Amino acid sequence: MSTSSPSAQAHHQAQVILPGATLGVLGGGQLGRMFAHAAQSMGYFTAVLDADATSPAGLVSHHHVRSGYEDPQGLAELARLCAAVTTEFENVPAAALNQLAQSLPVSPAGASVAIAQDRAAEKAHFVKCGVPCAPYAVIETAEQLAAVNDALLPGILKTARMGYDGKGQIRVKTREELVAAWNELKQVACVLEKMLPLAHECSVIVARSRNGDIVHLPVQRNLHREGILAVTEVYAGNLPAAQAEQAIAAAQSVAQGLDYVGVLCVEFFVLESGQLVVNEIAPRPHNSGHYSQNALDVSQFELQVRCMANLPLVQPRQHSAAIMLNLLGDLWFKDSASAQTPAWDQVLALPGCHLHLYGKVDAKPGRKMGHLNITAATPEQVRETALKAAAILGIAAF
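Residues numbered from 1 in each chain as written. Predicted model: local features only at pLDDT ≥ 70, side-chain atom pairs only at ≥ 80, totals over all residues. Heavy atoms only, no water.

In the annotation of an unreviewed UniProt entry, the chain is listed under the name N5-carboxyaminoimidazole ribonucleotide synthase and assigned to Comamonas koreensis. Turning to the chain, the UniProt record has this under Subunit (unreviewed entry): "Homodimer." Listed under Pathway (unreviewed entry) in UniProt, the entry text for the chain is "Purine metabolism; IMP biosynthesis via de novo pathway; 5-amino-1-(5-phospho-D-ribosyl)imidazole-4-carboxylate from 5-amino-1-(5-phospho-D-ribosyl)imidazole (N5-CAIR route): step 1/2." (UniProt positions renumbered as here; feature names shortened; annotations may be inferred.)

Right under this line is the structure:
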C-alpha cells in the first residue's frame, strides 16, 4: 500500500494535537494499556484496535475496535475515531500502519516497523548507521547455509521474523547442529549470530519528534532469564560513564537513520572486553523502561503521547534510583498447582515499592502479568529493598 502523500505528510508534521482529541493504538496488550493511562492522564481520549474482547488496553480505553490488524473496516473505524495512531506491538503488519498513514499521523511509520520486524534488515540498518553489531550471516537458502563461515560458530540461529522474548532462537556449536537447527525452524529465513562473551546487557530508550528533536532515558542495565527480561537497574554507576555515553549515541544514530518518530528501544550486549554491540530494536515502549513511571519526571509512555501528538519533547530527569522487577505468571504458582495471588500486601509494606498489574484475567507461567518498580534515594537502598521484595515473591536474587 502507498504511504501518505508529501502534502499530507507535511500537514501531519505541522499539526499539534491538543488534549481533548482521541489517540489510537494498534494492539491491546499491557504496553497499550499503559499508553492509554498516560494519554488519559493528559486529557486525551483513547481508542484501541485489538480482536480480544478482554485485552488489557481495550478494557481501559474509551473505544475498543474489536478487529484484526489487517481488517479494512476495523482500520477505517480507528482512523475515523482518532487524530493520530501509534502501535504497542512490533509485529503489527506494516501495511496496516501505511494504510492508516494515508489519512492521519502514524508513529512510528510502517517503514520503521518493517525493519524492526526483520532481523536481516535490522542488522543491515545497524551496519549502515555505523553501529557495531555481532558478526552474522543471513541464511535463506541451502546454499547460504553451506557457505556459512566457521568463524561464526558457536552461534545463535534466530528466525528473521516473529521472534521475541527468546522465541525462534537455537544455540548451535557445530555445522551439524546448525543444519539441524535450520531444519527444526522449518528452513525459514534466519540470521546466524556469532556468540560473544557477554558481561551484561543494557538498553537505551529514545523518543524522536517529527521535526527531529530527540531525547533519551538513562541507560538501563538489564538481566534476562530464559530470554525474558527479569530485572532492570537504573542509577548512577550502573554502567561506566563512557559506556553509557556510547550507548546513548548509538541509539540516537539508529533512530535518526530511520528518520524515526516515536519511542524506540535499542538493546545492547556489553562484552567482557567492554565493547558495546547492538542486539536489536523495539519500535515501541519497552519493558526495560517501565521504571520511568516512578523514577523519572516524564515516563516513556508520556513521551509516546508527546511524539504522536506533536507536543514538545523535554529531556526526562531521574529523581530516584530505580529497579524494575518483571512479574511473570509463575509467581502465582509458587506454592500451589492452582493460581494463588502473591503477597502484594507484604511487598507494598516496603518503602518505595510501586505495583503495576496489567489486568490480565488468567495467570500463566511465562506470561507477563505486571511489574514492580522500586525507588529509593541511593543505589544501595534500592537494591536492598528490591532484594527483599524479590525474596517475598519468590524471584531469584540478582
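Q: Describe in detail the pattern of salt bridges, supporting the description with residues and values.
A: Enumeration over the complete set of coordinates arrives at 13 salt bridges. Note that R119 is salt-bridged to E280, the shortest N-O span being 2.9 Å. In this pair, R119 is assigned in helix 7 (residues 119–129) and E280 in strand 14 (residues 276–282), connecting sequence segments 161 residues apart. E280 shares its class with R119; the two are buried. Note that R175 is salt-bridged to D150, the shortest N-O span being 2.5 Å. Here R175, found in helix 9 (residues 175–184), pairs with D150, found in the loop between helix 8 (142–146) and strand 6 (155–159); they are 25 residues apart in sequence, far enough to count as distant. A relative accessible area of 27% places R175 in the partly exposed class. What you see here is one network of salt bridges that share partners, running through K123, K158 and E193. (Salt bridge = Lys/Arg side-chain N within 4 Å of Asp/Glu carboxyl O. Helix = DSSP H or I, 4+ residues; strand = E, 2+ residues; numbered from the N terminus. Buried < 20%, exposed > 50% of the residue type's maximum accessible area, 1.4 Å probe, protein only.)

Q: So what about the environment of W332? Which residues, and what values?
A: Counting through the fold element by element, W332 comes out in the loop between strand 15 (321–328) and helix 13 (344–348). Look at W332 and you get buried, because its relative accessible area is 11%. Sequence-wise, W332 and V16 are 316 residues apart; in three dimensions their C-alpha atoms are separated by 44 Å. Each residue touching W332, except ones within four places of it in the same chain, is listed here: S338, A339, Q340, T341, P342, W344, L357, A363 and M369. (Contact = heavy atoms within 4.5 Å.)

Q: Tell me about the pairing of strand 13 (residues 262–271), residues and numbers included.
A: Burial analysis of strand 13 places 10 of its 10 residues in the buried class, the great majority of the element. Relative to strand 13, strand 9 (residues 198–208) runs antiparallel, the two being bridged by 10 bridges. Residue pairing across strands places A207 opposite V263, the latter belonging to strand 13. As judged from the six bridges shared by strand 13 and strand 14, these two strands associate in the antiparallel manner. (Pairing = 2+ DSSP bridges.)

Q: Explain the packing of helix 7 against helix 10 (residues 241–257) residue by residue, including any values.
A: The contact between helix 7 and helix 10 brings their axes to 10 Å, and the two run at 110 degrees. Put simply, helix 7 runs roughly perpendicular to helix 10. Two secondary-structure elements touch here, helix 7 through H125, F126 and C129 and helix 10 through S253, V254 and G257. The class makeup of the residues in the contact of helix 7 with helix 10 is three nonpolar, three polar and no charged. (Axes fitted to C-alpha atoms, helices over the stretch in contact; angles between N-to-C directions. Parallel < 35°, antiparallel > 145°, perpendicular 65-115°, else oblique. Nonpolar A, V, L, I, M, F, W, Y, C, P; charged D, E, K, R; others polar.)

Q: Just give me the short version of the sheet that holds strand 5 (residues 136–139), but keep the residues and values in it.
A: Strand order in this open sheet of four strands is 5-8-6-7, and the pairing throughout is antiparallel. Each edge of the open sheet is held by one strand with a lone partner, namely strand 5 and strand 7 (169–172). Adjacent strand axes in the sheet meet at a mean angle of 20 degrees, parallel and antiparallel pairs treated alike. Alignment of strand 6 against strand 7, held across four bridges, turns out to be antiparallel. Looking across to strand 7, one finds that G155 is bridged to V172. Helix-sheet contacts for helix 9 involve strand 5, strand 6, strand 7 and strand 8 (190–194), and the interaxial angle to strand 7 is about 165 degrees.

Q: Go over the environment of A337 with me, naming the residues and quoting the values.
A: Along the chain, A337 turns up in the loop between strand 15 and helix 13. Considering only alpha carbons, one finds A337 and G237, 100 residues apart in sequence, at a separation of 41 Å.

Q: Give me the lowdown on the sheet that holds strand 2 (residues 45–49), citing residues and values where you can.
A: The strand order across the open sheet formed by four strands is 3-2-1-4, and the pairing between neighbours is parallel. A strand with exactly one partner marks an edge of an open sheet, and here the two such strands are strand 3 (63–65) and strand 4 (84–87). Strand-to-strand, the axes of this sheet are offset by a mean angle of 25 degrees, without reference to chain direction. Judged from the four bridges that link them, strand 1 (residues 22–26) and strand 4 form a sheet pairing that is parallel. Counterpart to G24 in the pairing with strand 4 is V85. Sheet strands in contact with helix 12 (residues 300–309) are strand 1 and strand 4, and its direction is about 140 degrees off that of strand 4.

Q: Hey, could you go over the confidence of the model for the chain for me, with residue numbers and the actual values?
A: The predicted model of the chain averages 94 in pLDDT, with 95% of residues at 70 or higher. Confidence drops under a pLDDT of 50 for residues 1–12, and excluding neighbours within four residues, the segment shows 19 contacts in the predicted structure. (pLDDT = per-residue confidence, 0-100.)

Q: Outline the nonpolar core, supporting the account with residue identities and numerical values.
A: One finds V204, V219, V254, L264, V266, F268 and I281 to be the most contacted residues of the largest nonpolar core, which totals 26 residues. Counting residues per element, the ones that place at least two in this core are helix 7, strand 9, helix 10, strand 13 and strand 14. If you tally residues by element for this core, the top one is helix 10, at seven residues. With residues up to four places along the chain from it excluded, the contact list for I281 reads A116, E122, F126, V254, L258, L264, C265 and V266. (Core = buried A, V, L, I, M, F, W, Y, C linked by side-chain atoms within 4.5 Å.)

Q: Just give me the short version of the packing of aromatic side chains, but keep the residues and values in it.
A: By the definition in use, this model includes two aromatic pairs. Ring geometry for Y69 and F89: centres 6.4 Å apart, planes at 35 degrees, overall tilted. Highlighted residues: Y69 in the loop between strand 3 and helix 4 (72–81) and F89 in the loop between strand 4 and helix 5 (94–101), separated in sequence by 20 residues. (Phe/Tyr/Trp six-rings, centres within 6.5 Å; stacked < 30°, edge-to-face > 60°.)

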